[in-house]
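Each chain, written out:
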Amino acid sequence: YYRVVERCPSEAGPDRTLRFLEAENHDPKAAAVKLAKYWEARVALFGEDRAYLPMTLGGAVKEEAMNLATRRIWQLLTATDAAGRAILFLTPSRRNFAEYTIEQEFIGLWYLMETICQDPNLRKRGYIILTDPRSTTLQNGNKKSLQLFSLITSVMPTSVKGMHMSYTNAIVTHLFIPVLKRLLPTEYRLRLKVHSGSTNEVLTSLSGYCLPPDRVPTDMGGLLVVDNPAWMVKRLALETVRQNPLMASSALAGLSLPVPVSTTTSLLVAAAAAHLQQQQQQQSGGTLGFPINVATLSGNGTGGGVGAVAPQVPASVGVVSNIPPAGSNGTGHFSDLTDRQLYYRIVQERQTN
């Protein structure tokens, strides 16, 4: 932890400490133990070189961003369940350990968990895991994946509230589920629910656990459209704005105070869109390795919700120009600030200057 304070102080700020205190009912000793275990696990998974980088798509997760966007093994849905809990969607049949390591997959999961923990409401309410195991084979799972899953979920300052497995086949029913119940901690085993039958039967069963059809992905017969690349691009936009204070100030220049938070968010995302488009032109393929759809960032697309930005940019707002490149301002960054804190800090700086 002292190395964290020295090498990456933004990752050891009061906001992160408060998360662990809340997770342990404000017991400082228990929170300190959990925080220490968190950093031990983070260094073990990411390695010394990347563990102390900011937990962003352009920082510690940069090498896994492409896999996270395109393979869609783990996805954070853009809607919560009916109880306001985040939904992690797992499709194990998409695993292919011949093309990437299991550590790379779970670095992506770590990032999604961090995204949940950044939202105070989601962090307190916890999350559920919705699994679609159809077409899953013996090659799609191993003991190490369960160990990494248990490790990551045990050190995060939030908790799993339910695990739902639907459309189970013979391999899953007679092999994977018994292994899961044997290896997972007791609290996870008790929360594991299996939903079988036709599509209507599965959806009806899920509805009894705060998962109505509009909160279930279309891949499982629900109504929720999942666009993982669009969600990640919006996350990249949000992180770009947080790490570029001058960009944020430029985006809001000339506005009359006070400004509604929704309008502010729209302007900031438009600024990030222009900045990312500029990066895309300079680097083939864009920051994430695939083309960045600026229209999606500008608010006319779908895919907002949990951990994302889904504003509507007013038609009168043009693309912000003269945006400074990342890291050029030397005035720190906003990685530990919420969107509302970001807004008021910018307002305060404008009034001061």
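Among the residues of helix α2 (residues 14-23), those classed as buried are Arg16, Arg19 and Phe20. Down the axis of α2, the buried side of the element spans an arc of 90°, and every buried residue falls inside it. Where α2 ends, the next residue or the one after it, Asn25, has phi of about 55°, a positive value.

Moving on, we get to the layout of surface pockets. Its boundaries defined by the atoms lining it, the second largest pocket holds a volume of some 450 Å³. What lines the second largest pocket is a set of 27 residues, among which Leu90, Arg95, Leu146, Met165 and Leu180 lie closest to the centre. Element by element, the count of residues in the lining of the second largest pocket is highest for helix α9 (residues 170-183), at five residues. When its residues are assigned to classes, the lining of the second largest pocket shows 18 nonpolar, seven polar and two charged.

Under the criterion given, the structure shown has 20 salt bridges. For Glu11, the salt bridge goes to Arg16, with nearest N and O atoms at 3.0 Å. By the burial criterion, Glu11 is buried, and Arg16 matches it. Between Glu114 and Arg16 there is a salt bridge whose closest N-O contact spans 3.5 Å. Taken together, the positions of Glu114 in helix α6 (residues 102-118) and Arg16 in helix α2 put the pair 98 residues apart, joining distant regions of the chain. A relative accessible area of 6% means that Arg16 is categorised as buried.

So, about empty space enclosed by the protein. Enumeration over the complete set of coordinates arrives at three cavities of 30 Å³ or more. Lining of the second largest cavity is provided by Glu64, Asn67, Leu68, Arg71, Arg72, Ile73, Trp74, Tyr100, Gln104, Glu105 and Gly108. Of all the secondary structure elements, the ones that give two or more residues to the lining of the second largest cavity are α5 (65-70) and α6. No other element matches α6, which puts three residues into the lining of the second largest cavity. Among the residues forming the lining of the second largest cavity, the class breakdown is four nonpolar, three polar and four charged.

The five strands lie next to each other as β1-β2-β3-β4-β5, forming an open sheet whose pairing is mixed. Because the sheet does not close on itself, it has two edges, and the strands there are β1 (74-76) and β5 (192-195). Along the sheet, successive strands turn relative to each other by an average axial angle of 20°, direction set aside. Taken together, the four bridges between strand β4 (residues 160-166) and β5 define a ladder with parallel strand orientation.

Taking 1.5 Å of rise per residue, 19 residues should cover 27 Å, and helix α3 (residues 28-46) covers 26 Å from first to last C-alpha, within 8% of that figure. Taken residue by residue, α3 has Ala31, Lys34, Leu35, Tyr38, Trp39, Ala41, Arg42, Val43, Leu45 and Phe46 as its buried positions. Measuring from the side-chain oxygen of the N-cap residue of α3 to the backbone nitrogen of Lys29 gives 3.1 Å; that N-cap residue is Asp27. Positive backbone phi, at 90°, marks Gly47, one or two positions downstream of α3.

Across the interface, α6 lies against helix α12 (residues 228-242) with an axial gap of 13 Å and an inter-helix angle of 60°. In terms of orientation, α6 lies oblique with respect to α12. When the axes of α6 and α12 are compared, the crossing they make is left-handed. The segment α6 lies against α12, with Tyr111, Leu112, Thr115 and Gln118 engaging Trp231, Arg235, Glu239 and Arg242.

On to unusual backbone geometry. Phi at His26 takes a positive value of approximately 60°, unusual for a residue other than glycine. When its relative accessible area of 54% is taken as the criterion, His26 is described as exposed.

On to the confidence of the model for the chain. Residues at a pLDDT of 70 or more form 68% of the chain, whose mean pLDDT is 77. Note that pLDDT drops below 50 for residues 294-304; the model gives that stretch 33 contacts with residues more than four away or on any other chain. Low pLDDT (under 50) marks residues 308-337, which in the prediction has 73 contacts with non-local residues, meaning those over four places away or in another chain.

Quick notes on the rules
Residue indices begin from 1 for each chain and proceed along its sequence in written order. Predicted model: local features are reported for residues with pLDDT of at least 70 only, side-chain atom pairs are reported and counted for 80 or more only, and whole-chain, interface and lining totals are derived from all residues. For side-chain calculations, the full set of non-hydrogen atoms in the structure is used, while hydrogens and water are omitted. The classification of residues rests on relative accessible area computed with a 1.4 Å probe and restricted to protein chains. Under 20% of the type maximum is buried, over 50% is exposed, and intermediate values are partly exposed. Strands here are runs of E lasting at least two residues and helices are runs of H or I lasting at least four, both read from the DSSP assignment and numbered beginning at the N terminus. Here the arc refers to the directions that run from the helix axis out to each C-beta atom. Cavity: a set of points on a 1 Å grid over the protein atoms alone where a 1.4 Å probe fits but cannot get out. Pocket: an open set with protein on both sides within 12 Å along at least five of seven lines, its lining residues, like those of a cavity, having an atom within 4 Å of a point. Grid points are joined across faces, edges and corners, and a volume is the space filled by probe spheres set on the points. All amino acids are sorted into three groups, where Ala, Val, Leu, Ile, Met, Phe, Trp, Tyr, Cys and Pro are nonpolar, Asp, Glu, Lys and Arg are charged, and the leftover types, Gly among them, are polar. We count a salt bridge whenever a side-chain nitrogen from Lys or Arg sits within 4 Å of a carboxyl oxygen from Asp or Glu. Strand pairing is assigned whenever DSSP identifies at least 2 bridges connecting the two strands. Where helices are involved, their axes are fitted lines through C-alpha atoms of the stretch in contact, as for all axes, and angles between N-to-C directions lie from 0 to 180°. Here the expected length of a helix is defined as 1.5 Å per residue gap, with one fewer gap than residues. Between N or O atoms, a polar contact is any pair within 3.5 Å; within protein, one atom must be a potential hydrogen donor and the other a potential acceptor, and residues adjacent in sequence are included only when both atoms are from side chains. Angle categories: roughly parallel below 35 degrees, roughly antiparallel above 145, roughly perpendicular from 65 to 115, and oblique for all the rest. Two helices that cross are described as forming a left-handed crossing if the nearer one is turned anticlockwise from the farther one by less than a right angle, and a right-handed crossing if clockwise. Working rule for contacts: check all heavy atoms of both residues, and any pair within 4.5 Å makes them a contact. The pLDDT value tells you how sure the predictor is about a given residue, anywhere from 0 up to 100.

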